[in-house]
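# Coordinate analysis (summary)
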Amino acid sequence: MTIAPGLKGTFDGTCIVCFQPTDTGFAVKGEAEAAIAALLVMGVPEDQGVAVVSRALGCGAGTVPEGEVTVPLQVCSGCAAKLPHAQVGLVLPGGELPVYAQRW
Ligand SMILES: [Zn+2]
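Every chain is numbered independently, its residues counted from 1 as its sequence is written. Only residues with pLDDT of 70 or above have their local features reported here, since the model is predicted, and side-chain atom pairs are shown and tallied only from 80 upward, although totals for entire chains, interfaces and linings are computed over all residues.

## Observations regarding helix H1 (residues 32-42)
Think of it as a crowd count around each C-beta: if 20 or more other C-beta atoms lie within 10 Å the residue is buried, if 12 or fewer it is exposed, and in between it is partly exposed, with C-beta placed from the backbone throughout. In this text, helices come from DSSP runs of H or I with a minimum length of four residues, and strands from runs of E with a minimum of two, each type numbered from the N-terminal end. Buried residues of H1: Ala32, Ala34, Ala35, Ile36, Ala38, Leu39 and Met42, and no others. We call two residues in contact if the C-beta atoms placed from their backbones are at most 7 Å apart. Looking at the packing, one finds that the buried side of H1 touches strand S1 (24-31), helix H2 (46-57), strand S2 (68-74), helix H3 (77-80) and strand S4 (99-101). One or two residues past the end of H1 sits Gly43, with phi positive at roughly 110°.

## Details of the nonpolar core
Counting 30 residues, the largest nonpolar core has Ala35, Val71, Leu73 and Val75 as its most contacted members. Listed by contribution, the elements that provide at least two residues to this core are S1, H1, H2, S2 and H3. The element best represented in this core is H1, accounting for seven residues. In this structure Leu73 touches Ile16, Gly25, Phe26, Ala27, Val28, Ala35 and Ala56, once residues within four positions along its chain are discounted. Put simply, a nonpolar core is buried Ala, Val, Leu, Ile, Met, Phe, Trp, Tyr and Cys residues tied into one set by C-beta atoms within 7 Å.

## Some words on the pairing of S2
Among the seven residues of S2, five are classified as buried, and the element is accordingly described as predominantly covered. Here S1 runs beside S2; their pairing, made up of seven bridges, is antiparallel. In the sheet register, Ala27 faces S2, and the bridge partner there is Pro72. DSSP-based pairing: two strands are paired if at least 2 bridges between them are found.

## Concerning the environment of Ala101
As for its position among the elements, Ala101 is in strand S4. The spacing of Ala101 and Lys29 is 72 residues in sequence and 4.9 Å in space, taken between C-alpha atoms.

## So, the confidence of the model for the chain
Averaged over the chain, the pLDDT score is 86; the fraction of residues at 70 or greater is 86%. For every residue, the predictor states its confidence as a pLDDT score lying anywhere from 0 to 100. Mean pLDDT per element in the chain: S4 is the minimum at 90, and H3 is the maximum at 96. Under a pLDDT of 50 for its full length, residues 1-11 has, in the predicted model, 19 contacts with residues more than four places off or in other chains.

## Observations concerning the packing of H1 against H2
Axis lines are fitted to C-alpha atoms, over the contacting stretch for helices. Their N-to-C directions set the angle, which ranges from 0 to 180 degrees. The interhelical angle for the contact between H1 and H2, taken along N-to-C directions, is 130°, at an axis separation of 9 Å. By the criterion of interaxial angle, the relationship of H1 to H2 is oblique. Taken as a pair, H1 and H2 cross one another with a handedness that is right-handed. In this structure, H1 contributes Ala32, Ala35, Ile36, Leu39 and Leu40 to the contact, and H2 contributes Glu46, Gly49, Val50, Val52 and Val53. Note that Gly is not counted as nonpolar here; it falls among the polar residues with everything else outside the nonpolar set of Ala, Val, Leu, Ile, Met, Phe, Trp, Tyr, Cys and Pro and the charged set of Asp, Glu, Lys and Arg. Residue composition of the contact of H1 with H2, by class: eight nonpolar, one polar and one charged. We call two directions roughly parallel when the angle between them is under 35 degrees, roughly antiparallel when it is over 145, roughly perpendicular when it lies between 65 and 115, and oblique otherwise. Should the near helix be turned anticlockwise from the far one by less than a right angle, the crossing is termed left-handed; should it be turned clockwise, right-handed.

## Examining the pairing of S1
On any regular strand, side chains alternate: one points to one face of the sheet, the next to the other face. As paired strands, S1 and strand S3 (residues 89-90) are joined by two bridges and run antiparallel to one another. Bridge pairing links Thr24 to Leu90 in S3. The pairing of S1 with S4 spans three bridges and is classified as parallel. Counted as the bridge partner of Ala27 is Val99 from S4.

Here it is as structure tokens:
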């Protein structure tokens, strides 16, 4: 998926799980709850996961859209390793992120 130009202003250059600087990430494709669940597996509390997904999708605080969405997440490879089958790619404007499809 193409992530520019929404990347600007959405990411601050750090892993959303451990807050270490990172330039990698992946996108979760599925219902918004899938992205929240993926964050939960990586160690992000559910309420924070909702906030992250809201922000990534440009929704109002604490709200997420219904139906299938693709949520770009900036995550370091160490945190992504907590999620089975997740692969990270470089987060670059106009670049593409590996898509993590819901598998549970
Ligand atoms: Zn991390």
